[in-house]
Every structure is written in C-alpha cells, then in structure tokens.
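Observations on the three-dimensional arrangement
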Amino acid sequence: MKRVFHAIATYIKETDKFLWLYCLGLSGLSVLLLYSVYVNGFVNSPRIVIIQSAAIGLGIVAAIVISKIDYRLMASLWKIYVPLTVGLVLLTFTPLGISREGADDKAWISLGIVDLQPSELLKLAFVFTFAMHLSRVKEHINDMKTFLLLCVHGAIPTLLIVAQGDFGSALVFVCIMVFMLFSAGLSWKFIAVGVGAAVVAAPLVYFFVFQELHRQRLRILFNPELDPMGMGFQQMQGRTALGSGQLFGRGLFSNNLINIPELYNDFIFAYIGQTLGFVGCVAVALVLTLLCVKILMTGRMSKDPMGCYICVGIFSILLFQTVINIGMVLSVMPVIGVTLPFLSYGGTSVVTMYVSIGIVLSVYMNNRRRGMFDD
C-alpha cells in the first residue's frame, strides 16, 4: 500500500497540476449540466449522465497512463495506430457506419451501448504523424517540394473526412495543419498564397462540393428567418436561451428553462448561458482559454521540435472547437456539429480530449526530467 501512495505522490509531484485542475473542473461542470438536463426533463433517461461519467473516468485513466509514456515512443508507433484509425474511418462507409440523430453525415460506428466517432481518433494520429514530418523537414520547410508534400500529408485525412460529409471535423484537420505549419516557421509567402487559394476555392466549394443542405446552413447564418421552424430554429432558440439567463442565470434546476435541439451536445454553451448566466459563460470561456495557454506553454518548454509541434496541434484542436462551438451558439458561425471540449456530451469526444491531455502531459513530464531518449 505504501508503494501505491508513493507512486501517487510522485505522479502528483511530477505532473502539471494546473492542467489537471482545468480539465477536471470542466468535466465536473459537464456532469452537473447533464444531470440538470435530465432532472429538468429534456431527456427521458439518465443515460447521458452515466455515459459521460464513465467516459470521464476512462479518459482520466487513459491520460495518466499515456502521460507516463514518452511521446517520442508513441510517435514512433505510427505504423500501428495510423492503419487502425484510418481503417475505423473507412468502416463508416460500410453498413457498419451510422448517422446520428440531427446529423447529416455518416461518421459513427455503433458499438451497441455507445457509438464511436473514428475521426476523433484520426485527429490525434494526424497530430503525431504531422509533427514527425515537420520535425524531419524543419530546415527545408520553405522549399516548394517540402511544402507541397506537407500539404499532401494534410490533405489525405481531410479529404477522407470530407467524403464522410463531416465538414466540421474536416475543418479541424485544416486548422491543425495550418497552426503546426505556422509554428514550424513557414514563410509568410506560402501563407499568403494559401489564403489567396482559399479565397479562390471558396465559391467552388460552395457550389460544387457542398450539398444544398450545407449551402442552406450558410444562408441561414446571415438570415435565420429563411427557415425559422427548420434549420434556423436551433440557432434562434439557442440565442434566445443564451440571453435569457442574463447576468447570473436562471439556475441549474429551474422549471422554466428553454429547450433547444442538441442542448446537451453541440448547444451546451446555450444551456450554460440560461442556467449560469453571463458570469457562467465568461468563467467557462476563461478556463478553456487558460487550458489553451497552458498547452502552448508546455510546447514552448519542450526541448525538441516534435514535442512543440504536438502541443501546437492539440492546442489547435481545442481552440478551433471552442471558437466554432461558441460561434454557433452566438449565430456568428454556421451549425457544423462541433462539440465544446470537455463539456458537450459524447463518449468518444471526452475520451479523446483526455488522451490529448495525456499526450501534452507526456511532453511536460519528459521535458522536466532526463528522458529515455536522451543520450
């Protein structure tokens, strides 16, 4: 028993306690919000509370285990996890793939009790492989051939997810690639060319890649009244709910709360607004911001480029999903099915977030002491 307590004490001493504090605080709030959703009658079963709690517990264990493994060793095992994650994504194109209620993409695999979203796992695999790629070509990143090969590397998982119809997750991959390239010292000339290409490609994507459903979502963003009882209803209702909480909110267990489609998932921030008010929204946004900053600080302290790039990649996932999710609720972004990290309901999303934190903690812990890969 002494050994167990000693191991726990040693881990607490070596790990990043603030990073854990932010994550556990957000997870605790998530369970409380979901319990409130159940008690207030917005769902018929406590299933969402049970699954979220189980996912948090599993995620915490996974984060602890992963943080004890050197991130360079994990990166070197890409021949194992890349085929596995890509294979799981490809399964969504078979009869095993399912579409969730309220979603227009086929991006999940049913496991019976829970559903698995393979794209969440592919994000982490991509962060590792792209970090390895960047660390190997860092000195030549501004050579045209190197840059084009990096773009091909990023395009492969992105186009795979686009084929699923999950444009929200596809944008996350683009964001990961852009932030990691920028952190590796990509020339502003390439960045300017990329922005120009995006501007030129935007109308082509709108007319020839997007389905009518996706075009309608963009039109509704600028004019929700186009379909007030259909696609525009969720954002209009979400905005009303968000503002109804005023400064301190109506309370988690109030009996006059507004129902919103997917209020426990994509629109959890609107539920925070009406139950905890403006103060609650600011507090959540602040903790998420501190979490992002802490991840960047960990990347900065890394003694090798790969650790830095990995942290930047995970930072970009967290930042992008936070900005887009809150933007959806505020009606400044289209509804594209992006969850709010650590707070939205979703087993795969929660576990993946904790695995991400475990990887960041690995960078932190292996750069505070002499690592197994050091000479």
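Quick notes on the rules
Residues numbered from 1 in each chain as written. Predicted model: local features only at pLDDT ≥ 70, side-chain atom pairs only at ≥ 80, totals over all residues. Heavy atoms only, no water. Helix = DSSP H or I, 4+ residues; strand = E, 2+ residues; numbered from the N terminus. Expected span 1.5 Å × (residues − 1). Buried < 20%, exposed > 50% of the residue type's maximum accessible area, 1.4 Å probe, protein only. Arc of directions from axis to C-beta. 1 Å grid on protein atoms, 1.4 Å probe; cavity = no way out; pocket = protein on both sides within 12 Å on 5 of 7 lines; lining within 4 Å. Points joined across faces, edges and corners; volume = space filled by probe spheres on them. Nonpolar A, V, L, I, M, F, W, Y, C, P; charged D, E, K, R; others polar. Salt bridge = Lys/Arg side-chain N within 4 Å of Asp/Glu carboxyl O. Axes fitted to C-alpha atoms, helices over the stretch in contact; angles between N-to-C directions. Parallel < 35°, antiparallel > 145°, perpendicular 65-115°, else oblique. Left-handed = near helix turned anticlockwise from the far one by under 90°. Contact = heavy atoms within 4.5 Å. Core = buried A, V, L, I, M, F, W, Y, C linked by side-chain atoms within 4.5 Å. pLDDT = per-residue confidence, 0-100. Pairing = 2+ DSSP bridges.

The end-to-end C-alpha separation of helix α3 (residues 47-67) is 30 Å, in line with the 30 Å expected for 21 residues at 1.5 Å each. Of all the residues in α3, the buried ones are I48, V49, I51, Q52, A55, I56, G59, A62, A63, I66 and S67. In a view along the axis of α3, the buried residues occupy a sector of 160°, so they form one face of it. The exposed residues of α3 that point more than 90 degrees off its buried face are I50, L58 and V61.

If you add up the space inside the second largest pocket, you get close to 440 Å³. Lining the second largest pocket are 18 residues; nearest its centre among them are I66, Y81, L121, L124 and V355. Only α3, α5 (78-91), α6 (118-137) and α14 (347-366) provide two or more residues apiece to the lining of the second largest pocket. Looking at the lining of the second largest pocket element by element, the count peaks at 5 residues for α5. Within the lining of the second largest pocket, the residues separate by chemical class into 16 nonpolar, 2 polar and no charged.

This model, assessed by the stated rule, comprises 4 salt bridges. A salt bridge links D16 to K294; the nearest nitrogen and oxygen atoms lie 2.8 Å apart. Of the two residues, D16 is situated in the loop between α1 (2-14) and α2 (17-39) and K294 in helix α12 (residues 268-301); the sequence distance between them amounts to 278 residues. In this pair, the class of D16 matches that of K294, namely buried. Residue R72 pairs with D70 through a salt bridge whose shortest N-O separation is 2.9 Å. Across the pair, exposure class does not vary: R72 and D70 are buried alike.

With that settled, the discussion passes to the packing of α3 against α14. Relative placement of two packed helices is described by the angle separating their axes and the distance separating the axes. Close contact between α3 and α14 brings their axes to 7 Å; oriented N to C, the two are set at 20°. Between α3 and α14, the angle falls in the class roughly parallel. Once α3 is placed against α14, the crossing between them reads as right-handed. Facing Q52, A55, I56, L58, G59, I60, A62, A63, I66 and S67 of α3, the residues of α14 in contact are G347, V350, V351, Y354, V355, G358, I359, L361, S362, M365 and N366.

Our focus in this paragraph is the packing of α6 against α14. Where α6 meets α14, the closest approach of the two axes is 9 Å, and the angle between their N-to-C directions is 20°. With respect to α14, the axis of α6 lies roughly parallel. In this structure, α6 meets α14 at a crossing whose hand is right-handed. Within the contact between the two elements, α6 uses E120, L121, L124 and F128 and α14 uses T348, S349, T352, V355, S356 and I359. For the contact of α6 with α14, the class distribution of residues is 5 nonpolar, 4 polar and 1 charged.

What follows is about unusual backbone geometry. Note: most peptide bonds trans; most residues except glycine with negative phi. Look at E262: it is not a glycine, yet its phi comes out positive at around 60°. If you trace the backbone, E262 turns up in the loop between α11 (231-244) and α12. Of note in the backbone geometry, S331 takes a positive phi value of approximately 65° without being a glycine. By secondary structure assignment, the location of S331 is in the loop between α13 (305-329) and α14. Assessed through its relative accessible area of 11%, S331 is described here as buried.

This brings us to the nonpolar core. In this structure, L291 and I295 are the most contacted members of the largest nonpolar core, which totals 103 residues. Here the element with the most residues in this core is α13; it accounts for 14 residues. Contact partners of I295, with chain neighbours within four places excluded, come to L19, C311, I314, F315, L318, I357 and V360.

Moving on, we come to the environment of K17. If you trace the backbone, K17 turns up in helix α2. For the pair K17 and C311, spaced 294 residues apart in sequence, the C-alpha to C-alpha distance is 17 Å.

Before going further, it helps to spend a moment on the confidence of the model for the protein chain. Chain-level statistics for the protein chain give a pLDDT mean of 88 and a share of 93% at 70 or above. Between residues 370-375, whose pLDDT stays under 50, and residues either more than four places distant or in other chains, the model counts 9 contacts.

Strand order in the open sheet formed by 3 strands is β1-β2-β3, with antiparallel pairing between adjacent strands. Two strands bound the open sheet, and with one partner strand each, they are β1 (97-98) and β3 (115-116). When strand β2 (residues 108-110) meets β3, the two strands line up antiparallel, connected through 2 bridges. Paired with S110 across the strands is D115, a residue of β3.

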